[in-house]
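Read off the chains here:
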Amino acid sequence: NAGVTQTPKFRVLKTGQSMTLLCAQDMNHEYMYWYRQDPGMGLRLIHYSVGEGTTAKGEVPDGYNVSRLKKQNFLLGLESAAPSQTSVYFCASSYGRGALAIQYFGAGTRLSVL
Amino acid sequence: DQQVKQNSPSLSVQEGRISILNCDYTNSMFDYFLWYKKYPAEGPTFLISISSIKDKNEDGRFTVFLNKSAKHLSLHIVPSQPGDSAVYFCAASARVKTSYDKVIFGPGTSLSVIP
């Protein structure tokens, strides 16, 4: 019963390096999300997807790209990492909206950009 | 401009007593509200929710109250237990597109239940 799985759990990057964070869910959810959590700021939405092959920008999309080629996977890419992207990243998924909008979260990826 | 506010960054409560966590929102378009609980090194987990057509929802020790006129909701935990020590996030949802509901999270309140 895996739910939402994020890889990697930790990563340290140098400024300018690139990386991809992988999120996989096994609940057949349509909606998937990427958030970042910073101290005192709660969870801020980076990008989201309402179905396979679709993506859209959230509140803080700059510096990130995403892809959803398969329904169960949602990838978050950093093309050129910056220290401001040091954060904890959470992936989530949900069936849909309203009462179905309950999101299930992964355990997070702690990223440090030096 | 924070649309969902949790003005108490932290709260300490004695075991067995009531914990009350507060949340205020500014956008009257929000029509669904959720509380999530987060332990260190884990992702948030859903706790309880309430629709804007209700003013109370109860699930075991957890009750959420909604006051739409005040744009305020609160989470009551009775009785509080040490295992309830965690960060609690309030979230509010509003329909912005035919296929998407915008969800905004508050900054969280760290609850410590003292044995």
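The structure under discussion appears in the preceding block.
Computed from a predicted model, the values in this text were never measured in an experiment. (Residues numbered from 1 in each chain as written. Chains lettered and ligands numbered in written order. Predicted model: local features only at pLDDT ≥ 70, side-chain atom pairs only at ≥ 80, totals over all residues. Heavy atoms only, no water.)

1. With respect to the pattern of salt bridges
Opposite charge on two side chains makes pairing possible when the charged atoms of those side chains draw close. All names here are of chain A. Evaluation of the coordinates by the stated rule reveals six salt bridges over all chains. Note that Arg-36 and Asp-38 form a salt bridge whose closest N and O atoms lie 2.9 Å from each other. One exposure class covers both Arg-36 and Asp-38, and it is buried. Taken together, the shared-partner salt bridges in this structure form one network comprising Arg-36, Asp-38 and Arg-44. (Salt bridge = Lys/Arg side-chain N within 4 Å of Asp/Glu carboxyl O. Buried < 20%, exposed > 50% of the residue type's maximum accessible area, 1.4 Å probe, protein only.)

2. Considering the packing of aromatic side chains
Under the criterion given, the structure shown has 11 aromatic pairs over all chains. Measuring from ring centre to ring centre gives 6.5 Å for A:Phe90 and A:Phe105, while their planes differ by 85 degrees; the resulting arrangement is edge-to-face. Of this pair, A:Phe90 sits in strand S9 (residues 87-94) while A:Phe105 sits in strand S10 (residues 104-105), and the two are 15 residues apart along the sequence. An angle of 75 degrees between the planes, with centres 6.1 Å apart, marks the rings of B:Tyr25 and B:Phe30 as edge-to-face. Each member of the pair, B:Tyr25 as well as B:Phe30, is classed as buried. (Phe/Tyr/Trp six-rings, centres within 6.5 Å; stacked < 30°, edge-to-face > 60°. Helix = DSSP H or I, 4+ residues; strand = E, 2+ residues; numbered from the N terminus.)

3. A look at the interface of chain A and chain B
Taken together, the contact between chain A and chain B spans 22 residues of the former and 22 residues of the latter. When chain A packs against chain B, the two sides together hide about 1800 Å² of surface, and 59% of this comes from carbon and sulfur. A per-residue breakdown of the area chain A buries against chain B is headed by A:Leu43, A:Arg97 and A:Ile102, which together make up 30% of the total. Where chain A touches chain B, the interface holds zero salt bridges. For the interface between chain A and chain B, the tally reads one residue pair in polar contact (both at pLDDT 80 or more). Of all the secondary-structure elements, those providing two or more residues to the side of chain A that touches chain B are strand S4 (31-37) and strand S5 (43-49) of chain A. Of the residues forming the side of chain A that touches chain B, the biggest block, four residues, is contributed by S4(A). The residue inventory of the side of chain A that touches chain B, partitioned by class, reads 14 nonpolar, six polar and two charged. (Contact = heavy atoms within 4.5 Å. Buried area = accessible area lost by both parts, 1.4 Å probe. Polar contact = N/O pair within 3.5 Å; in protein donor to acceptor, adjacent residues only side chain to side chain. Nonpolar A, V, L, I, M, F, W, Y, C, P; charged D, E, K, R; others polar.)

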